[in-house]
Amino acid sequence: MIPSTDREWTLKEIRRALADLDKERFVKRSSYEDVAYLENAIHDLRNAERSLISEKEEELISQLRRAATILADHSRTIRANVAKMNRMAKVVDNIESVVKRVVDVIQEFNRWH
């Protein structure tokens, strides 16, 4: 029931062992030594649980930071591409204005000749 040092336990296994020890501690009215052993085992498991949660928390924070960096890079790329597209759209709008004016000039010229 107590995690051994030769392998790492999952959080689920630790919590299952804690539940088992809690049942044993309250169901069986054993000797003082048995209760003390169970209390020590529960204490050790709680420490292992806290340690594992802390490790997982650090891993998760690290992964989130990497993801945030990647998203920031993608965001910069998207903004740069949008800026380029906006410049192109402005050029197309200017060309359209020029073409409309040329057409207007041609129409006026044809009207007078």
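These numbers come from a predicted model, not from an experiment.

Engineer: So what's going on with a nonpolar patch on the surface? Which residues, and what values?
Structural biologist: Taken together, the side chains of M88, V91, I95, V99 and V103 define a hydrophobic patch exposed on the protein surface, amounting to about 440 Å² of accessible area. Locating V103 in the fold gives a position in helix α2 (residues 32-112). Among the residues examined, V103 registers a relative accessible area of 38% and is labelled partly exposed.

Engineer: Account for α2, with residues named and values stated.
Structural biologist: End to end, α2 covers 117 Å across 81 residues, agreeing with the expected 120 Å (1.5 Å per residue, within 8%). Three or more residues of α2 are buried, namely L38, A41, I42, L45, E49 and L52.

Engineer: Run through the side chain of E49, naming residues and quoting values.
Structural biologist: When you line up the elements, E49 lands in helix α2. Engagement of the side chain of E49 in a polar contact is seen with the side chain of R46, the distance being 3.1 Å. Not counting residues up to four positions away in its chain, the partners in contact with E49 are L11, I14, R15 and L18.

The rules behind these values
- Residues numbered from 1 in each chain as written.
- Predicted model: local features only at pLDDT ≥ 70, side-chain atom pairs only at ≥ 80, totals over all residues.
- Heavy atoms only, no water.
- Patch = residues over 30% accessible without salt bridge, like charges linked within 9 Å, V, L, I, M, F, W, Y side chains within 5 Å.
- Areas by Shrake-Rupley, 256 points an atom, 1.4 Å probe, with all protein chains shown as cover.
- Salt bridge = Lys/Arg side-chain N within 4 Å of Asp/Glu carboxyl O.
- Helix = DSSP H or I, 4+ residues; strand = E, 2+ residues; numbered from the N terminus.
- Buried < 20%, exposed > 50% of the residue type's maximum accessible area, 1.4 Å probe, protein only.
- Expected span 1.5 Å × (residues − 1).
- Polar contact = N/O pair within 3.5 Å; in protein donor to acceptor, adjacent residues only side chain to side chain.
- Contact = heavy atoms within 4.5 Å.

These results come straight from atomic positions and should not be treated as a statement about function.
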